[in-house]
Amino acid sequence: MPVNATLAVAAISLILGVYMSTRENGIGELASLVNFGAMSAFLLLHIAVVVHYLIRQRSRNYWAHLVAPVIGFAVLVAVVINQNVAAQWVGGIWLALGLVVLGGSYLMGRKPALPTEVK
């Protein structure tokens, strides 16, 4: 289980939440940042659906595994583009940092793997 990562994110979230609550429009900015994070996660989810089902599984259900994810992706891109600019920058940097960590894991031979069964 990713205990260390969960604890690190919890600590960062707590510190950021307390800090943002002291700013003039901190809660609004924090909400924009959280929304950006959620939208980014869903963008990546739509990409993952296409890659997993259409490319890896060679599915022929084009509506469920290509058309619907592409439509959802387009809607989410429009939402992300119209978000708070500060949230876009901070969220983009956070996403880039995550991709750097993922790339570093691959370079060190630590390919992320999902557990095969749930306990």
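The coordinates are above.
Residues numbered from 1 in each chain as written. Predicted model: local features only at pLDDT ≥ 70, side-chain atom pairs only at ≥ 80, totals over all residues. Heavy atoms only, no water.

K.L.:
Got a minute to help me understand the packing of helix H2 (residues 26-56) against helix H4 (residues 85-107) in this structure?
P.N.:
The geometry of a pair of packed helices is captured by two quantities: the angle between their axes and the separation between those axes. It is at 9 Å that the axes of H2 and H4 come closest, and there the two elements cross at 50°. Relative to H4, the element H2 lies oblique. Crossing of H2 over H4 shows right-handed handedness. Taking contact as the criterion, the partners of Ser 32, Leu 33, Phe 36 and Leu 44 in H2 are, on H4, Ala 87, Gln 88, Val 90, Gly 91, Gly 92 and Leu 95. When its residues are assigned to classes, the contact of H2 with H4 shows six nonpolar, four polar and no charged. (Axes fitted to C-alpha atoms, helices over the stretch in contact; angles between N-to-C directions. Helix = DSSP H or I, 4+ residues; strand = E, 2+ residues; numbered from the N terminus. Parallel < 35°, antiparallel > 145°, perpendicular 65-115°, else oblique. Left-handed = near helix turned anticlockwise from the far one by under 90°. Contact = heavy atoms within 4.5 Å. Nonpolar A, V, L, I, M, F, W, Y, C, P; charged D, E, K, R; others polar.)

K.L.:
In this structure, what is going on with the pattern of salt bridges? I would like to understand it.
P.N.:
Pairs can form between side chains of opposite charge whenever their charged atoms are close. Counted by the stated rule, this structure contains one salt bridge. Of the charged contacts in the structure, one is a salt bridge between Glu 29 and Arg 23, with a shortest N-O distance of 3.3 Å. A relative accessible area of 25% places Glu 29 in the partly exposed class. Given a relative accessible area of 37%, Arg 23 falls into the partly exposed group. (Salt bridge = Lys/Arg side-chain N within 4 Å of Asp/Glu carboxyl O. Buried < 20%, exposed > 50% of the residue type's maximum accessible area, 1.4 Å probe, protein only.)

K.L.:
Got a minute to help me understand a nonpolar patch on the surface in this structure?
P.N.:
Judged by side-chain polarity, Leu 44, Ile 47, Val 51, Ile 55, Phe 73, Leu 95, Leu 99, Leu 102 and Tyr 106 come together as a nonpolar surface patch covering roughly 750 Å² of accessible area. Put simply, the parts of the chain that give the nonpolar patch at least two residues each are H2 and H4. For Ile 47, the location among the structural elements is in helix H2. Judged by relative accessible area, which is 40%, Ile 47 ranks as partly exposed. (Patch = residues over 30% accessible without salt bridge, like charges linked within 9 Å, V, L, I, M, F, W, Y side chains within 5 Å. Areas by Shrake-Rupley, 256 points an atom, 1.4 Å probe, with all protein chains shown as cover.)

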